[in-house]
There are 2 protein chains.
Amino acid sequence: MIAEPGETARRGRGRRPIDEVRADVLRATGDIVLAEGIARLTFERVAKAAGVSKTTIYKLWPSPGALAMDAYFHAVAGTLAFDDTGDVRADLLAQLHSFAAVMRTPGGRAVLQLIGAAQTDADLAASYRALYSTGRRALACERLTRAQERGQIRPEVDVRVLVDQLWGAIYHRLLVPDEPVDDAFIDALVTNLFDGISVPKTVI
Amino acid sequence: MIAEPGETARRGRGRRPIDEVRADVLRATGDIVLAEGIARLTFERVAKAAGVSKTTIYKLWPSPGALAMDAYFHAVAGTLAFDDTGDVRADLLAQLHSFAAVMRTPGGRAVLQLIGAAQTDADLAASYRALYSTGRRALACERLTRAQERGQIRPEVDVRVLVDQLWGAIYHRLLVPDEPVDDAFIDALVTNLFDGISVPKTVI
């Protein structure tokens, strides 16, 4: 007999596999973070929303901030997935536009605030890297490396630097908003890097 | 008769031209910010160091944070000046290496903390742009536009985007330090943009 999720949560809570509990908590937290950010996120609220005890959540995450980052990573994984149509430029453009859209949500604004708070909080900075940025970087590098292996990016290019010149450039405009993150900006990021900004030497 | 600066400060304080007072305060504040950051910066301390009344400082800057940004902008103006040897790649490389060195000082770390605090403080964010980042952006764009006018950068390139792909990429690695800001990184930023990352189409 397969129990309804709500029923499982109500009844043999202690016996539920830990991975299932973790997934439920991440899902409940992700919903909150995407909809409204992290300002009013507490373990108590998540415990209620996920039908899990506060004690269990404490065992799995050191702080609501750490839980928020972990949940956000999982919540945006689908939206920020790297397509592979074979055309790396088109795939990057699509992903960067999705990324910019996510960054306009309350969850995205919360990410900027976490980066901000991490400047004076070493523990938060370490959690942010461990639970969010290092993983996102790895996913981007993986897609870029595949393009490099297929001869779409020069072999001597360090793809880790491209992460800072694409997503990092967008983060920069969001963190210090002197200029807008609009479609033209995102298109230009890709064009500048792939085509180069030098004037091509014409052979007569 | 030319009075010694200290003497002027002690005597006819009220009669000193306001620009001279402003310069003295900016210099005294810049020394503090570069040496130790902004954590212990107060109007009182600056007033003592510059030989100016606290009331005068209040009239010129709304907060110690605003004064710190203004002072930092002036303190690093020389170090971060854009050379013009005619070779834009070499000039950019030199400036970007100087920039990375400045960002490793207590003053540079204070800038990261100001960007951080600005994520949850709209007034600070506005001051940061007005007193620091917008001005630095303009200086970079000026140098890049000159290179463009000389045919060293393609005419259709929006040089404002390059600011985010060069300095913005460095800010990104400093704010989210998953990877180091080393010499190879800085060199790669320039190479990637000027040469492009695509594999050149060889004509046989």
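Calculation criteria
Residues numbered from 1 in each chain as written. Chains lettered and ligands numbered in written order. Predicted model: local features only at pLDDT ≥ 70, side-chain atom pairs only at ≥ 80, totals over all residues. Heavy atoms only, no water. Buried < 20%, exposed > 50% of the residue type's maximum accessible area, 1.4 Å probe, protein only. Helix = DSSP H or I, 4+ residues; strand = E, 2+ residues; numbered from the N terminus. Arc of directions from axis to C-beta. Contact = heavy atoms within 4.5 Å. pLDDT = per-residue confidence, 0-100. Polar contact = N/O pair within 3.5 Å; in protein donor to acceptor, adjacent residues only side chain to side chain. Domains from an automatic or database assignment. Buried area = accessible area lost by both parts, 1.4 Å probe. Salt bridge = Lys/Arg side-chain N within 4 Å of Asp/Glu carboxyl O. Nonpolar A, V, L, I, M, F, W, Y, C, P; charged D, E, K, R; others polar.

### Considerations on helix α3 (residues 43-50) of chain B
Residue and element names in this part refer to chain B.
- Every buried residue of α3 is accounted for by F43, V46, A47 and A50. In an axial view of α3, the angular spread of the buried residues amounts to 105°, which keeps them on one side of the axis. Exposed residues lying more than 90 degrees from the buried face of α3 are K48 and A49.
- Each element contacted by the buried residues of α3 is listed here: α2 (18-36), α4 (54-60) and α5 (64-76).

### Overview of the confidence of the model for chain A
Residue and element names in this part refer to chain A.
- Taken over all residues, the pLDDT of chain A has a mean of 92, while the share at 70 or more is 92%.
- For the stretch residues 1-11, pLDDT sits under 50, and the model shows seven contacts to residues farther than four places along the chain or on other chains.
- At the level of chain-chain contacts, confidence expressed as ipTM amounts to 0.90, with global pTM at 0.90.

### Overview of the environment of Q148 of chain B
Residue and element names in this part refer to chain B.
- Mapped onto the fold, Q148 is located in helix α8 (residues 122-149).
- With a relative accessible area of 18%, Q148 lands in the buried category.
- On a C-alpha basis, the gap between Q148 and V159 in space is 8.5 Å, while along the polypeptide they are 11 residues apart.
- Aside from chain neighbours lying at most four places away, what touches Q148 is I153, R154, P155, E156, V157 and V159.
- At 2.9 Å, the side chain of Q148 and the backbone oxygen of R154 are in polar contact.

### Looking at the domain arrangement of chain A
Residue and element names in this part refer to chain A.
- For chain A, the assigned domains are domain 1 (18-72) and domain 2 (77-194).
- Taking only C-alpha atoms, the centre of domain 1 and the centre of domain 2 are 25 Å apart.
- Contacts between domain 1 and domain 2 engage 10 residues on the former and 14 residues on the latter.
- Of the roughly 980 Å² buried between domain 1 and domain 2, counting both surfaces, carbon and sulfur atoms make up 76%.
- The largest per-residue losses of area from domain 1 upon contact with domain 2 belong to I38, M69 and Y72, which jointly make up 66% of the total buried on that side.
- Linking domain 1 to domain 2 there are zero salt bridges.
- Linking domain 1 to domain 2 there are one residue pair in polar contact (both at pLDDT 80 or more).
- Mapped onto the side of domain 1 that touches domain 2, the elements with two or more residues apiece are α2 (18-36) and α5 (64-76).
- Per-class residue counts for the side of domain 1 that touches domain 2 are seven nonpolar, one polar and two charged.

### Observations regarding the interface of chain B and chain A
- Contacts between the two partners involve 45 residues from chain B and, on the opposite side, 45 residues from chain A.
- Taken together, both faces of the contact between chain B and chain A bury some 4,200 Å²; the carbon and sulfur share is 57%.
- On the chain B side of the contact with chain A, Q119, R154 and I197 of chain B bury the most area, a combined 17% of that side's loss.
- Linking chain B with chain A are six salt bridges.
- Notably, a salt bridge pairs R173 of chain B with D164 of chain A, separated by 2.7 Å at the nearest N-O pair.
- Across the chain B-chain A interface, the total number found is 25 residue pairs in polar contact (both at pLDDT 80 or more).
- When residues of the side of chain B that touches chain A are traced back to their parent elements, those giving at least two are α7 (106-118), α8, α9 (159-175) and α10 (183-195) of chain B.
- Among the elements that make up the side of chain B that touches chain A, the one with the highest residue count is α9 of chain B (12 residues).
- The residue inventory of the side of chain B that touches chain A, partitioned by class, reads 21 nonpolar, 15 polar and nine charged.

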